[in-house]
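Fold and geometry: a report
Residues per chain are reported as follows:
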Amino acid sequence: YKLKVKEEELLLAWRNLKTFNDVNSNLKILSKKYEIALLSNGDLESLKLLAKKLPIKISSIISAEDSKAYKPSPKIYEKALEVLKAKKEEILHVSSHQMDVWGAKNFGLKCVWINRYNEPYLEGIEIYDYVVKDFNELSNLLKFTVKEA
């Protein structure tokens with residue numbers, strides 16, 4: 001495909017992403033009980049701008065720039081553990097991208113795949129701990145599956 005879009009337009013679109021309707025209200029609920037961090041292949045500057053638009057305080061933003069690796073490389077998940085000062089078993093990785101979930105799962109993290117569009121599983125990648133359709137289902141799942149410490 002040949003796209004006639006300027007690089008600046010793409011960057012502006014990325015920095016102006018909007019959340020799905022179910023995200024903000026559920027982030028508020030989840031942040032009362034859990035530390036919420038961002039882990040992304042995006043650049044740190046853009047991620048900071050996006051995080052400011054969320055209705056909660058993000059505890060940490062970990063970018064591919066920090067680890068000098070992109071998901072699904074184990075290096076980015078190692079960097080997340082380092083930044084969060086956490087053990088693998090203390091992390092729940094939530095993503096709408098199967099390859100990101102696959103990378104996190106192969107690294108040893110518990111994972112949730114948010115499958116909004118009922119996408120088929122990628123061949124050979126049916127290793128998710130949980131699959132939900134949106135943040136409403138994620139909130140409900142965490143109410144009933146995560147035990148209090």
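Below or above, wherever it landed, is the structure these notes cover. Everything numeric in this text was worked out from a predicted model, so none of it was measured.

With four of five residues buried, strand 4 (residues 110-114) is to be regarded as a mostly interior element. Judged from the four bridges that link them, strand 3 (residues 92-95) and strand 4 form a sheet pairing that is parallel. Residue pairing for strand 4: histidine 93 is matched across the bridge by cysteine 111. As defined by bridge partners, strand 4 adjoins strand 5 (residues 130-132) across three bridges and the pair is classed as parallel. Directly across from tryptophan 113, in strand 5, lies its bridge partner valine 131.

The next point concerns the environment of cysteine 111. For cysteine 111, the position within the fold is in strand 4. On the accessibility criterion, cysteine 111 (0% relative accessible area) is buried. Along the backbone, cysteine 111 and arginine 15 are 96 residues apart, and their C-alpha atoms lie at a distance of 26 Å. Sequence-distant contacts of cysteine 111, that is, excluding residues within four places in its chain, are made with Leu92, His93, Val101, Ala104, Lys105, Tyr128, Asp129 and Tyr130.

Definitions and cut-offs
- Residues numbered from 1 in each chain as written.
- Predicted model: local features only at pLDDT ≥ 70, side-chain atom pairs only at ≥ 80, totals over all residues.
- Heavy atoms only, no water.
- Buried < 20%, exposed > 50% of the residue type's maximum accessible area, 1.4 Å probe, protein only.
- Helix = DSSP H or I, 4+ residues; strand = E, 2+ residues; numbered from the N terminus.
- Pairing = 2+ DSSP bridges.
- Contact = heavy atoms within 4.5 Å.

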